[in-house]
Amino acid sequence: FADRDGVIWLDGELIPWRDAKVHVLTHTLHYGMGVFEGVRAYNSSTLGTSIFRLQEHTDRLFRSAHIMRMKLPFDKETINQAQKQVVRENGLTEAYLRPMAFYGSEGMGLRADNLKAHVMVAAWNWPSYMSPEARDIGIKVRTSSYTRHHVNISMCKAKANGHYINSLLALQEALDCGCEEALLLDNEGYVAEGSGENFFLVRDGIIYTPELTSCLDGITRNTIFQLAADCGYTIKEKRLTRDEVYVADEAFFTGTAAEVLPIRELDGRKIGEGRRGPITTRLQDLYFKAVRGELADHTNWLAPVAK
Ligand code: PMP
């Protein structure tokens, strides 16, 4: 990934992709204290290439940094502009963007007090997070043997680098078992989220999703709330058990990378008909319209990258 053409924004400057390097004593590399975002830009027929819900992502990055007591040396507008710039300068019409704030190699050890936060923003083409057919037929999921973070162990409202060790362990386990994604439970055994997605189920026409305790406050989750309201669907936030998922009519994951991804099976049990259900299909369709600026009521979610 490092050996390619293009530019990356690092601490206020655009530098060649291959030169965007850090020292091996980079503090975040050792301890995982850093915060990041995953953002997507889509090609809109009316507005041109536009970043979806850019401000919400930047706001979450700053909230994550605040929780982790990282002082970012840039304001939000600079980080917004940096994201537009990397899409433009890399000539991308659709892109996945990765802004990240990390500590440098100014000091070592847990007690280092002279650390400086650095910020990078990269963008590349990443059309589909899983196999392209996954969004049509749905994926097979396995309940993880790894518990999702507890609210008082790591700060669940922050999208922090170190949190993803837990995600990687869960995902590797699911892949080893022939599944495509993991469903993680919280420390009390209730459904939390996927390794990088929020979770929803549908039962008797009502949509349910876990409360925002140990799952990330997902921006796609929020988008689904608004699209579901547009359709007149009811969404209830409540504790869900894994067997409520087994007997659900439909289930799906949401996330910037994964978009809206139907779940067809959990732990060897078919969910509903074992394929993408009607409410999932409707919300997925609206989501893909929303990200490309095709929903008149929601074009304010798009931030065009053109100058
Ligand atoms: N949960 C986790 C653990 C994630 O990594 C993500 C992806 N950022 C999500 C949920 C979904 O969040 P969003 O919709 O903001 O991408």
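A short tour of the structure in this document, coming up. (Residues numbered from 1 in each chain as written. Predicted model: local features only at pLDDT ≥ 70, side-chain atom pairs only at ≥ 80, totals over all residues. Heavy atoms only, no water.)

1. As for the pattern of salt bridges
Defined as follows: What makes a salt bridge here is a side-chain nitrogen of Lys or Arg within 4 Å of a carboxyl oxygen of Asp or Glu, nothing more. Secondary structure follows DSSP: runs of H or I at least 4 residues long count as helices, runs of E at least 2 residues long count as strands, and numbering of each begins at the N terminus. For each residue, the accessible area found with a 1.4 Å probe, counting protein chains only, is set against the maximum for its type, and the residue is called buried under 20%, exposed over 50%, and partly exposed in between.
Counted by the stated rule, this structure contains 16 salt bridges. Between Arg142 and Glu173 there is a salt bridge, with the nearest N and O atoms lying 4.0 Å from each other. Of this pair, Arg142 sits in strand β8 (residues 139-143) while Glu173 sits in helix α5 (residues 164-176); the two residues are 31 residues apart in sequence, bridging distant segments of the chain. Among the residues examined, Glu173 registers a relative accessible area of 15% and is labelled buried. With its nearest N and O atoms 3.1 Å apart, the salt bridge here joins Arg242 to Asp267. Here the residue Arg242 occupies a position in helix α7 (residues 242-246), and Asp267 occupies one in the loop between β15 (259-266) and β16 (269-270), the gap between them amounting to 25 residues. Shared partners join several salt bridges into a network, and the residues in it are Asp3, Asp5 and Arg18.

2. Looking at the site of the ligand
Inclusion rule: We call a residue near a given molecule or strand whenever any one of its heavy atoms falls within 4 Å of it. Two N or O atoms count as a polar contact when they lie within 3.5 Å, although within protein this holds only if one can serve as hydrogen donor and the other as acceptor, and sequence-adjacent residues are included solely when both atoms are side-chain atoms. All amino acids are sorted into three groups, where Ala, Val, Leu, Ile, Met, Phe, Trp, Tyr, Cys and Pro are nonpolar, Asp, Glu, Lys and Arg are charged, and the leftover types, Gly among them, are polar.
For the ligand, the set of nearby residues contains 16 residues, the closest of which are Tyr164, Glu193, Ile219, Thr220 and Thr256. A distance of 2.9 Å is found between a nitrogen atom of the ligand and a side-chain nitrogen or oxygen belonging to Lys159. Note that an oxygen atom of the ligand is positioned 2.7 Å from one of the backbone N or O atoms of Ile219. Secondary structure elements with two or more residues in the shell around the ligand: α6 (219-231) and β14 (250-255). Of the residues belonging to the shell around the ligand, the class tally is three nonpolar, eight polar and five charged.

3. Quick look at the environment of His149
So the rule is basically this: In this description, contact between two residues means that some pair of their heavy atoms is separated by no more than 4.5 Å.
With respect to the helices and strands, His149 occurs in the loop between β8 and α5. For His149, a relative accessible area of 15% translates into the label buried. Through-space distance from the C-alpha of His149 to that of Asp3 is 34 Å; in sequence the pair is 146 residues apart. Those residues within four positions of His149 in sequence are excluded, and the remaining contacts are Ser154, Cys156, His163, Asn166 and Ser214. At 3.2 Å, the side chain of His149 and the side chain of Ser154 are in polar contact. Of the polar contacts made by the side chain of His149, one reaches the backbone oxygen of His163; its length is 2.9 Å.

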